[in-house]
Amino acid sequence: MSVLSKCREALLCLRAGRVTLPYPAQPRPTPPRFRGRPIFNAAKCIGCAGCANNCPAREILVVDLCQEIRVIQYLGRRCTFCGRCAEVCPEKAITMSRDFETATPQIRDLRQRLDLFMSTCQRCGRCFQAPSPLEQLKLKGYRFDDVEHERWIFRSKAFLDSDATVDDIPIELD
Amino acid sequence: MNLLWTILGSALNVAAVVLLAPLAEGVLRKITARIQSRQGPPLLQPYYDLLKLLGKEDLESGECPRVQRFAACLAPTAILAVATFLPMGFAAPMHAHGDVILLVYLLTLVGISTLLAGLAAGSAYSLLGISREMMTMITLEPLFAVALIAGAVHTRSFHLDTVLHGSVYATPGVPWSGFLLLGVFLLALPAFVQRVPFDVAEAETEIMEGALMEYSGPKLALIKFAQMAKLVTYCGLFVALFAPWGSHLVFPVGWLVFWLKVFLLVLLVTFVAATHARYRVDQAIRYFALLLGAACVALVLASLGH
Amino acid sequence: MIARETLNALKTRFGPALIRADLPADNRLFVWVLPEVVRDLSRYVFRDLDARYVISIGADDRPFSGNYLVAHNFAFDRDHLLASLLVHLPPDAPRIDSITDVVPAANWAEREIRDLLGIEPVGHVQPKRLVLPDGWPDDVHPLRKDVPWNIAPAGFDPSRDYPFDPPPPGCTVVPFGPFHPTLDEPAHFRLFVEGEVVRGCEYRGFMVHRGIEKLAESVLTYNEVPMAAERICGICGCVHNVAYAQAVESAAAIQAPPRAEYIRTIMLEIERLHSHLLWVGLACHIVGFDTLFMQSFRIREPVMWIAEKISGNRKTYALCVIGGVRWDLTPDLQSELRQVLDRLESEWQTAVAAIRNDRNLQRRTRDVGVTPPALVKDAALIGPVARAAGVDIDCRRDHPYAAYDRVAFDVVTHQGGDVWGRVVVRMLEVFESIRIIRQCLDKMEPGPIQLSITDDLPAGRLGLSSVEAPRGESHHFVVTGENQRPRRWRVRAPTYQNLQAIPAMIRDQQLADMTIALGSIDPCFSCTDRMETIDIRSGTARTWTQAELLAQTRARPE
């Protein structure tokens with residue numbers, strides 16, 4: 001009988017109880033391996049820019065103010081929380097926190113800026129040997145991403161235009 | 001003196017419907033949520049919704065805004081007019097000013113206000129919605145008419161206070177027609193109040209609210225209220241026709257008993273709505289046609305004295 | 001040596017027209033042919049050899065070989081073979097014979113090649129724009145190598161309209177979308193309705209087109225592409241992630257370690273679990289049965305929690321890199337996963353028993369949206385849609401990948417090809433997925449999860465990968481390239497094929513059944529529209545019909 005089967009269905013549902021949580025009054029805790037907002041630790045960072053080179057969203061900018069000072073800026077706008085930056089960092093200076101409630105009326109709140117004093121190898125200027133060719137730092141030399149307008153300067157545009165300078169700054173083509 | 005009682009009684013009926021209809025809707029939502037394993041909105045949420053909508057800007061969208069405004073006003077007016085003709089624990093306030101035939105017309109007017117609303121909006125989806133509504137109305141409205149006429153046949157009168165008092169059972173022997181009509185009406189109740197499985201006319205996931213498409217703000221508040229009032233009023237009509245026991249007790253006991261029965265019916269509608277899928281319009285019409293056939297059989301039985 | 005046998009069959013029939021053949025493995029065949037025989041060859045392969053059509057791909061190979069490239073991919077499911085027929089086209093006037101009249105399923109693929117590369121399919125039955133927005137100028141083809149990825153073309157015309165077909169006589173037009181409560185993503189179905197019966201339908205989609213393939217060629221690198229691939233779809237991201245990694249691995253002839261393959265299999269099946277449970281709930285919601293919708297989601301939620309515990313996120317698992325996976329399954333997580341599966345199995349068994357006895361639900365889904373087996377063949381339908389019509393295909397068994405060759409499972413089929421069949425198939429596949437995950441957990445051995453890659457990946461190699469997504473076969477085609485990024489990456493999501501059958505499925509059916517028929521193919525428009533054109537800065541409101549809600553702005557902020 002259709003009515004009986006419907007009653008049985010309703011009983012099944014009632015037995016399950018109420019499962020929805022009154023979020024945000026009662027938040028749900030995040031598990032240990034949760035990939036939340038990445039936190040950059042300036043004390044451990046060696047300024048290799050491996051994170052910037054491997055960020056799929058191009059949200060980490062690097063600019064060399066002078067020989068000794070490199071600025072690494074994480075913008076956080078299009079961050080997909082993939083964790084590649086944390087994975088590639090040789091010094092484990094980036095940790096994926098468990099923080100996911102990052103809504104803010106000012107997008108500047110998501111920024112993290114590291115001002116790093118660089119001492120370079122006098123002979124080769126490199127920081128470390130990448131573990132795999134897929135993660136190699138192809139972008140050698142000085143970096144001039146546009147921090148003021150929050151733009152990554154794309155090498156491929158220069159490549160397509162066969163133009164070896166970007167805004168009068170000579171760069172090495174890939 | 002009679003005029004004073006009429007006015008007071010009508011005012012009490014209208015006030016009861018206005019105040020209790022959103023509560024019935026709130027109970028319906030809360031119990032549906034419980035069956036769906038979730039918290040659900042607060043019981044008083046429909047009141048908050050209506051107040052919020054009333055406070056919004058009255059936008060003009062759709063083909064014919066004036067007719068839309070008229071339809072939005074007509075819907076709650078029609079249903080509240082029906083409420084003044086119902087005995088809610090005491091004799092129907094307006095029973096001296098109208099009879100069963102007028103009641104049938106008023107019930108039809110309620111449906112027409114929806115049709116008008118959709119027609120005035122004029123969008124492809126609202127026209128689809130009202131075409132479905134028309135199809136359902138054609139097969140559903142006669143059911144009420146048949147029940148009232150069966151009652152009238154039994155009591156040999158079209159007066160409201162005689163017909164709307166369990167008249168379907170007023171036969172010398174076992175009231176077979178009455179029981180048959182009771183069964184038919186229990187099966188048709190979700191359709192009258194436009195709930196799942198028979199809310200084809202405004203199937204949200206299929207035609208985006210149908211007739212209510214171009215309504216927002218205060219107009220939507222009025223129409224939503226009319227739908228909530230429809231739920232309680234039709235349940236009230238059902239109680240008056242088929243379950244009048246206890247309603248004639250002295251006021252306020254009879255009044256409380258009446259509303260208790262109405263809320264029990266609301267629970268029944270809720271339970272059915274939460275456990276069923278929506279039927280397609282052609283399936284729904286086939287179902288109503290079957291019920292109409294059974295109602296006609298009941299009418300024949302009534303005329304034969306059973 | 002099935003690849004060799006197939007090649008021999010082609011050689012006997014078409015001999016001198018075959019220029020070159022590559023058989024990198026026994027289950028892969030690449031044949032370069034002359035443009036003149038493409039149509040006859042496709043007909044021979046599709047009809048006489050009874051292969052399943054997969055996709056047609058266009059690529060701009062001018063910087064490397066000086067030509068354009070068109071590939072028609074077919075699958076020989078019985079023989080476990082994926083084959084690709086490739087044609088080089090001269091750069092000055094690229095045109096090729098359309099194969100749509102012999103292979104009806106190639107309709108969209110050829111229109112896409114025409115839009116994005118400018119390769120004209122001569123003789124196409126419906127040569128209309130498919131992918132690019134209406135105002136896009138006619139002579140700018142985004143996938144060509146000389147067009148930058150972030151171009152805003154000068155000739156964009158915001159007032160240009162799409163030339164829809166006129167409705168048949170006696171029918172009114174009911175617009176379905178781009179905004180509709182049932183659709184999670186924008187798509188426009190222009191229904192021609194007579195009363196309540198649908199007489200025809202035209203589809204205009206690709207509104208969520210995002211430029212992922214172009215990004216992979218210009219901006220991203222090999223290990224960054226999986227993150228973009230994962231975000232092609234809101235439900236089946238892991239599938240694209242794994243399929244891309246497998247395609248590159250197949251092209252570069254590298255093999256992920258066994259433990260990585262088991263982990264990939266487990267995550268793919270977890271994704272299938274949550275997708276099917278979601279779909280059953282959604283189908284019930286579409287027919288107005290909200291209670292079952294809520295209950296399905298309640299039963300599904302523990303799957304999302306365990307996925308979050310294992311991978312760090314409920315849906316975007318960020319699973320693969322080239323040569324392996326990024327994280328491991330610890331013994332704690334494994335035992336917790338087993339507990340979740342046990343509980344899920346018992347709850348789902350109760351739910352399935354309730355659904356199978358529910359006559360009310362069956363009345364809405366039986367004999368609705370029927371796809372006869374002939375339509376399945378012609379339109380190259382895949383996944384539960386095909387299996388519900390009795391066609392026994394499943395990439396996990398026919399083209400084994402990851403660890404599927406090491407586990408035992410049944411392929412669920414049903415007869416009748418209606419929506420009810422698809423409901424049953426998806427419900428029962430949940431149990432098969434649970435079975436597969438348990439076997440993987442039992443058979444997994446400790447070991448490395450990533451291959452150590454010491455050399456650059458070779459450029460110019462072709463790779464194919466077919467992965468069984470919850471919706472059907474997801475097929476990726478990769479040409480490896482320079483600068484650590486692919487030269488060409490083509491994603492063919494299952495909904496791409498299944499959507500093309502919608503007009504045939506809903507003809508002469510009730511309008512009310514339109515939504516459930518559409519929902520029953522489990523459409524994932526984001527998967528289908530996975531290529532972007534530009535950031536459109538048009539703020540113009542466009543009206544298709546008087547009644548449709550307007551898409552106020554299609555501008556995407558920078």
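First, a word on scope: everything that follows refers to the structure included in this document.

Some words on the sheet that holds strand S2 (residues 28–33) of chain C
Residues and elements named next belong to chain C. Reading across from one edge, S1-S2-S5-S4-S3 is the order of the five strands in this open sheet, with mixed pairing throughout. The open sheet terminates on both sides in strands that have one partner only, identified here as strand S1 (18–25) and strand S3 (52–60). Averaged over all adjacent pairs, the angle separating strand axes in this sheet is 20°, with direction ignored. Relative to S2, S1 runs antiparallel, the two being bridged by five bridges.

So, helix H7 (residues 176–192) of chain B
Residue and element names in this part refer to chain B. The terminal C-alpha atoms of H7, which comprises 17 residues, lie 23 Å apart, in line with the 24 Å expected from a rise of 1.5 Å per residue. Taken as a whole, H7 carries its principal kink of about 35° at Leu186; the proline Pro190 stands between one and four residues after it. Considered for burial, the residues of H7 that qualify are Ser177, Gly178, Leu181, Val184, Phe185, Ala188, Leu189, Pro190, Ala191 and Phe192. Backbone geometry just after H7 places Gln194 at a positive phi near 55°.

Remarks on the sheet that holds strand S8 (residues 172–176) of chain C
Residues and elements named next belong to chain C. With antiparallel pairing, the three strands of this open sheet are ordered in space as S8-S9-S10. Taken across any chain shown, the strands that pair with only one partner, and hence form the sheet edges, are S8 and strand S10 (197–204). Each strand axis lies, on average, 25° off the axis of its neighbour in the sheet, ignoring direction. By the bridge criterion, seven bridges tie strand S9 (residues 188–194) to S10 in an arrangement that is antiparallel. Looking across to S10, one finds that Phe189 is bridged to Tyr203.

Some words on the pairing of strand S15 (residues 488–492) of chain C
Residue and element names in this part refer to chain C. Among the five residues of S15, five are classified as buried, and the element is accordingly described as predominantly covered. Residues Arg488, Arg490 and Arg492 line one face of S15 and the alternating positions Trp489 and Val491 line the opposite face, and both faces are buried. The pairing of strand S14 (residues 472–479) with S15 spans five bridges and is classified as antiparallel. Bridging from a neighbouring strand, His475 pairs with Arg492 of S15.

What to know about the interface of chain A and chain C
Contact residues are listed per partner, giving 32 residues for chain A and 45 residues for chain C. Joining chain A to chain C, the criterion identifies two salt bridges. Residues Arg58 of chain A and Glu224 of chain C are paired through a salt bridge, measuring 3.1 Å at the closest nitrogen-oxygen approach. If you look at where chain A meets chain C, you find twelve residue pairs in polar contact (both at pLDDT 80 or more). At the level of secondary structure, the elements contributing two or more residues to the side of chain A that touches chain C comprise helix H1 (2–16), helix H2 (50–54), helix H3 (84–88) and helix H4 (155–160) of chain A. The leading source of residues in the side of chain A that touches chain C is H1 of chain A, at six residues. Partitioning the side of chain A that touches chain C into residue classes produces 14 nonpolar, seven polar and eleven charged.

About the cut-offs
Residues numbered from 1 in each chain as written. Chains lettered and ligands numbered in written order. Predicted model: local features only at pLDDT ≥ 70, side-chain atom pairs only at ≥ 80, totals over all residues. Heavy atoms only, no water. Pairing = 2+ DSSP bridges. Helix = DSSP H or I, 4+ residues; strand = E, 2+ residues; numbered from the N terminus. Axes fitted to C-alpha atoms, helices over the stretch in contact; angles between N-to-C directions. Expected span 1.5 Å × (residues − 1). Bend = angle between axes of the 7 residues up to and from the residue. Buried < 20%, exposed > 50% of the residue type's maximum accessible area, 1.4 Å probe, protein only. Contact = heavy atoms within 4.5 Å. Salt bridge = Lys/Arg side-chain N within 4 Å of Asp/Glu carboxyl O. Polar contact = N/O pair within 3.5 Å; in protein donor to acceptor, adjacent residues only side chain to side chain. Nonpolar A, V, L, I, M, F, W, Y, C, P; charged D, E, K, R; others polar.

Shape descriptors only; they carry no functional weight alone.
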